[in-house]
Amino acid sequence: MAMTKQRRTSLAKSGVLAGLLLGAVFAAGPVLWMLSSSFKSNTEIFELPPRLVTDSFSFDAYAAILTNSETLRFFFNSYLVAGAVTILTLLVAIHAAYAFSRFEFRGKRVLNVVIISVQAVPPITLLIPYFGLVVALGLYNTYPGLIFTYMVFTLPYAIIMMTGYMNTLPRELDEAVRVDGAGSLTALWRVLVPISVPGIVSVGIYTFMIAWNEYLFALTLTRTTEMRTVPIGIQLLMGQHSYEWNQIMAMSILGSIPVLILFLVLQRFFISGLTAGSVKS
């Protein structure tokens, strides 16, 4: 009986490992093919039978992207917009989460419902209303138009996550600071924010990813190539009569690098922040 149980345990572990391996291959396969294609010519990408490793390894696609001032502008726009959205979202979310976590005030429950409701609304349903609002405010084809629009979709999640994280921090920490005569903002920035780094990092990475990868509003709320972001720049490589597939793959790889680096460098904070924020609400 003992051997049977041991065998079942071994088979179960083998099954789990096989499933994880299959999932890893399924997830990594398209990325590897994209990376391989970025070093090929357009004709090699479609040759049969397909090959993952090419004989004529070339950096021409990357050179075409990195020496083109227009595509470099796309990267600059994405960095600027995503960075601004991340910073502003964190600033607002930290203060809002502190208020929701530490104070009782009239309308608190209503505000909670509104925040959750906004998070639940599909962004595409708000495309036309936001287009009209941005045009009416004179923000069409501008950085503020993109930044404030993105914040509408990043703030609800950021506030919910930061509130959950701050709920796990003992109230005695900031109460002790206020007893010593300091104000609430001092307690927030001197005590709570330094020990909330994991939660702040996890929310910041999520916010940056959303702003960096957003396509629909970036396409609708901008008009000139000087204001386009990386996702739109990738689409512009798809011409009327031909597609620059190798450049599309190269630009996709370059566009993925910032988020990948952020996650790898801050992975420890990201995971602990998500875990801590889900323990107590």
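Within each chain, residues carry numbers counting from 1 in the order of the written sequence. Selection of residues for local features in this predicted model requires a pLDDT of at least 70, selection of side-chain atom pairs for listing and counting requires 80 or more, and totals for whole chains, interfaces and linings are taken over all residues. Hydrogens and water molecules were not included; the side-chain quantities draw on all heavy atoms of the structure.

Description of the overall build of the chain
Here's step 1: Each helix is a run of DSSP H or I of at least 4 residues and each strand a run of E of at least 2, with the numbering of both proceeding from the N terminus. In terms of helices and strands, the chain carries 14 helices and 0 strands.
Here's step 2: For the chain, the succession of helices and strands along the chain, N to C, is α-α-α-α-α-α-α-α-α-α-α-α-α-α.
Here's step 3: Taking 281 residues into account, the globule formula puts the C-alpha radius of gyration at 19 Å, and the chain, at 24 Å, lies well above it.
Here's step 4: Summarising its shape, the C-alpha atoms of the chain cover approximately 75 × 70 × 35 Å along the three principal directions. For the radius of gyration, the atom set is restricted to C-alpha positions; the globular benchmark scales as 2.2 Å times the number of residues to the power 0.38.

Remarks on the pattern of salt bridges
Here's step 1: Every case where a carboxyl oxygen of Asp or Glu lies within 4 Å of a side-chain nitrogen of Lys or Arg is listed as a salt bridge. Here the structure, examined in full by the defined rule, presents 1 salt bridge.
Here's step 2: In this structure, the salt-bridge partner of Lys 108 is Glu 104, at a minimum N-O distance of 3.3 Å.

Considering unusual backbone geometry
Here's step 1: Phi is positive for Asn 141, close to 60 degrees, though the residue is something other than glycine.
Here's step 2: Turning to its location among the elements, Asn 141 is positioned in the loop between helix H6 (127-136) and helix H7 (143-166).

A word on helix H13 (residues 245-265)
Here's step 1: Expected span of a helix: the number of residues minus one, times 1.5 Å. For H13, which comprises 21 residues, the first-to-last C-alpha distance of 30 Å matches the rise-based estimate of 30 Å (1.5 Å per residue) to within 8%.
Here's step 2: The reported bend at a residue is simply the angle between two axes, fitted to the 7 residues ending at it and to the 7 residues beginning with it. When the local axis directions of H13 are compared, the greatest deviation, roughly 30 degrees, occurs at Ile 257, which is followed within four positions by the proline Pro 258.

Things to note about the environment of Ile 205
Here's step 1: The residue Ile 205 is located in helix H10 (residues 197-213) in this model.
Here's step 2: Expressed as a C-alpha distance, the spacing of Ile 205 and Tyr 215, which sit 10 residues apart in the sequence, is 18 Å.

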